[in-house]
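# Structure at a glance
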Amino acid sequence: QVQLVESGGGLVQAGGSLRLSCAASGRALSNYHVGWFRQAPGKERDFTAAILWSGGSTDYADPVKGRFTISRDNAKNTVSRQMNSLRPEGTAAYYCATLRRWDYRTSPTEYTNWGQGTQVTVSS
């Protein structure tokens, strides 16, 4: 079992940047692919990005392509995401979670070991 803790959220103006981290404890994170989701109040949890266990492949949802970058450091048991050119519609709680089957990376039901989330608020 692995436990995930997200950090790095906060309040930022539109156009600004934030870097979120997902730190793992327990089992090595290199055993898993990792995804990031976001959930705004009253809305579903949406896929935003995922990274293969080795870091050799990444995938992004269309709304964040070109602005967000996901990376990982298996030696440090962490996955990070750099978010640039943030928009007010990006206001949400951001979660990381582990994934076994890469082909199903956009489906939240395929993920386990969810972190508690970190809040990102983008002001206009």
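You'll find the structure just up there.
## Focus: unusual backbone geometry
- Located in the positive-phi region is N77, a residue other than glycine, with phi close to 60 degrees.
- On the secondary structure map, N77 appears in the loop between strand 7 (68–73) and strand 8 (78–83).
- Residue classification places N77 among the buried positions, given a relative accessible area of 17%.
- Backbone geometry places N113, a non-glycine residue, at a positive phi of 55 degrees.
- By the element assignment, N113 lies in the loop between strand 10 (111–112) and strand 11 (118–123).
- For N113, a relative accessible area of 15% translates into the label buried.

## Things to note about the environment of G56
- Tracing the backbone shows G56 in the loop between strand 5 (45–51) and strand 6 (58–60).
- For G56 and T91, which are 35 residues apart along the polypeptide, the C-alpha to C-alpha distance reads 29 Å.

## Remarks on the nonpolar core
- Formed by 26 residues in total, the largest nonpolar core has its most connected members in W36, V79, M83 and Y94.
- At the level of elements, strand 1 (2–7), strand 3 (18–26), strand 4 (33–39), strand 5, strand 7, strand 8, strand 9 (92–99) and strand 11 are the ones that each hand at least two residues to this core.
- Core analysis: the second largest hydrophobic core is formed by 9 residues, A50, L52, A97 and Y111 among them.

## Considerations on the environment of M83
- Tracing the backbone shows M83 in strand 8.
- As a C-alpha pair, M83 and G16 span 67 residues in sequence and 8.4 Å in three-dimensional space.
- In this structure M83 touches G16, S17, L18, L20, R67, F68, Y94 and V120, once residues within four positions along its chain are discounted.

## Details of the sheet that holds strand 1
- Spatial strand order, 1-3-8-7: 4 strands in an open sheet with antiparallel pairing. Pairing within the sheet leaves two strands with one partner each, and these edge strands are strand 1 and strand 7. Strand-to-strand twist in this sheet, taken as the mean axis angle between neighbours without regard to direction, amounts to 15 degrees.

## Digging into the environment of N113
- As for N113 and W53, which are separated by 60 residues in sequence, their C-alpha atoms are 15 Å apart.
- Separated by 2.8 Å, the side chains of N113 and T98 make a polar contact.
- One polar contact links N113 to T112, side chain to side chain, over a distance of 3.4 Å.

Procedures and definitions
Residues numbered from 1 in each chain as written. Predicted model: local features only at pLDDT ≥ 70, side-chain atom pairs only at ≥ 80, totals over all residues. Heavy atoms only, no water. Helix = DSSP H or I, 4+ residues; strand = E, 2+ residues; numbered from the N terminus. Buried < 20%, exposed > 50% of the residue type's maximum accessible area, 1.4 Å probe, protein only. Core = buried A, V, L, I, M, F, W, Y, C linked by side-chain atoms within 4.5 Å. Contact = heavy atoms within 4.5 Å. Pairing = 2+ DSSP bridges. Axes fitted to C-alpha atoms, helices over the stretch in contact; angles between N-to-C directions. Polar contact = N/O pair within 3.5 Å; in protein donor to acceptor, adjacent residues only side chain to side chain.

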